[in-house]
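What the coordinates show
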Amino acid sequence: MSLQPTALKEDVQRLVDEGYEASIYNQHLMVESVPYVTPTGVLAYGTLVCDYSDESRPRDHTVWFKGETPCNHQGQPLIQVINNSNAQILFDQFAVNHYFSNKPSNQPDFPSNYHVKMTHYIDLLGAQARVIDPDADARTGRVVESRDADSVFKYGDTASARAGIMAISQKLKLSRIAIVGLGGTGGYILDQLAKTSVKEIHLFDGDDLKRHNAFRAPGAISIEQLQQCPKKVDYFAGLYGALRNGIVSHTYYLDESNIHELVDFDFVFVSVDDGISRGLICNHLKTSGIPFIDVGMGLKKDSGMMVISGQCRATLCSPAKNEHMDTYLDTHDNREDALYASNIQVADMNALNAMMAVLLYKQYFGFYANTEHSHNLSFAIGFQSLVRSEVIAEPVL
């Protein structure tokens, strides 16, 4: 696998230039075809892997190894190299079998770079392999293809790689999701989803970006941007386009004439303030068997105590459970109501409402632990209480 041009640090390029089968994949540095000796004294070839950052030196001196237990030429395990042999999946069902930890006593600064780190372990394994076959060499000169070319991110997710949760994060590598409504809560939903590896995020909203949006949106919107009066979806697509590809803006509202566009989505977030639109969208998703989350928030001013009270809600509807939709979702015609004109919107509650929705979403797809598989979360400000309800026994995706 050849490295992507943006990943070619000098020390990694040196590995490639010297003929090692080195590549970067899912923020991990891999060196394949590393010769070693198996417990039966047979020459074999394995893969060394470590987490990788193109902006710093190696985080530590440890690596993973894919292969049988590496041994000396007499078939005895290299206990001075092997820390443990707990198998785990790093990413894309790529399983490793051993965890190495060996630090040269004469190199207090080890490892100073990735070349030094990987060749250290290659030499430890290779020294035993060459007793079996003097020609055993990891420098095959084979050019290997990059497997990271389809990444949606413009720079790598080193946080997941460092934490060792890349395989868990990849559970969120869906094909297409949508966010309908990019008001306060919808913007914060996008802020979180943009940092997952879903291929496409479609944004639906016909509103222009206005001043009142600026005070309850993630980030900081400049006066110059407001003066240009962009569509909300175009603004947010541009903002998060600095991080990733695959954000698609739809500068219109969804109605009966175009609701069919919500097809072939893996998941949809509904963040609209109009009851009729909510009913149209959510009923379409329910009928189509597309899982979705609807969010809602109701804040009010207590004039007597001069405080704000209220609650926010995130309701998950899935093919396995959706009969509760009418209980929690307000789908009545509220266009004539004067209430929304004075409805209170506060950025922190928009953000909290969005986080509740994203939590349910990530639980639904197995990223977070999900003991009771709740399909509804409600937070009450006055009691500081988060209540779960609409529980099912087992998840069905």
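Here the structure is shown first, and the text comes after it.
These remarks concern the structure in this document. Since we're looking at a predicted model, the values are computed, not measured.

Remarks on the sheet that holds strand S8 (residues 98-101)
- Spatially, six strands are ordered S1-S2-S3-S4-S8-S5 in an open sheet, and the strand pairing comes out antiparallel. Both edges of this open sheet fall to strand S1 (21-25) and strand S5 (82-84), since each of them pairs with a single strand only. Neighbour-to-neighbour, the strand axes of the sheet open up by a mean angle of 35 degrees, direction not taken into account.
- In the sheet, strand S2 (residues 28-37) pairs with strand S3 (residues 43-51) via eight bridges, with the strands oriented antiparallel. Bridge assignment links Val 31 to a residue of S3, and that residue is Leu 48.
- Contacts from helix H2 (residues 114-132) reach S2, S3, strand S4 (62-66) and S8, with the element oriented near 15 degrees to S2.

Quick look at the sheet that holds strand S9 (residues 176-180)
- Reading across the sheet, the eight strands line up as S11-S10-S9-S12-S13-S14-S15-S16 and stay open at both edges, with mixed pairing between neighbours. Edge positions in the open sheet fall to strand S11 (247-250) and strand S16 (385-391), since each of these has one partner strand only. With strand direction ignored, the average angle separating the axes of adjacent strands in the sheet is 15 degrees.
- Bridge count for S9 against strand S10 (residues 200-204) is five bridges, and the pairing is parallel. Its bridge partner being in S10, Ile 177 is matched across the sheet by Ile 201.
- Against the sheet, helix H5 (residues 184-193) touches S9, S10, strand S12 (267-270) and strand S13 (292-302), its axis set at about 160 degrees to S9.
- Contacting S9, S12, S13, strand S14 (307-317), strand S15 (374-380) and S16, helix H11 (residues 347-364) runs over the sheet at an angle of about 20 degrees to S14.

Cut-off values and rules
Each chain carries its own residue numbering, running from 1 in the direction its sequence is written. Predicted model: local features are reported for residues with pLDDT of at least 70 only, side-chain atom pairs are reported and counted for 80 or more only, and whole-chain, interface and lining totals are derived from all residues. Values shown for side chains rest on all heavy atoms present in the structure; no hydrogens or waters enter the calculation. Two strands qualify as a pair provided that DSSP identifies no fewer than 2 bridges between them. Secondary structure is summarised from DSSP: a helix means a run of H or I of at least four residues, a strand means a run of E of at least two, and numbering begins at the N terminus for each. Angles here are taken between N-to-C directions and fall from 0 to 180 degrees, while the axes themselves are lines fitted to C-alpha atoms, restricted in helices to the stretch in contact. Any two residues having at least one pair of non-hydrogen atoms within 4.5 Å are treated as being in contact.

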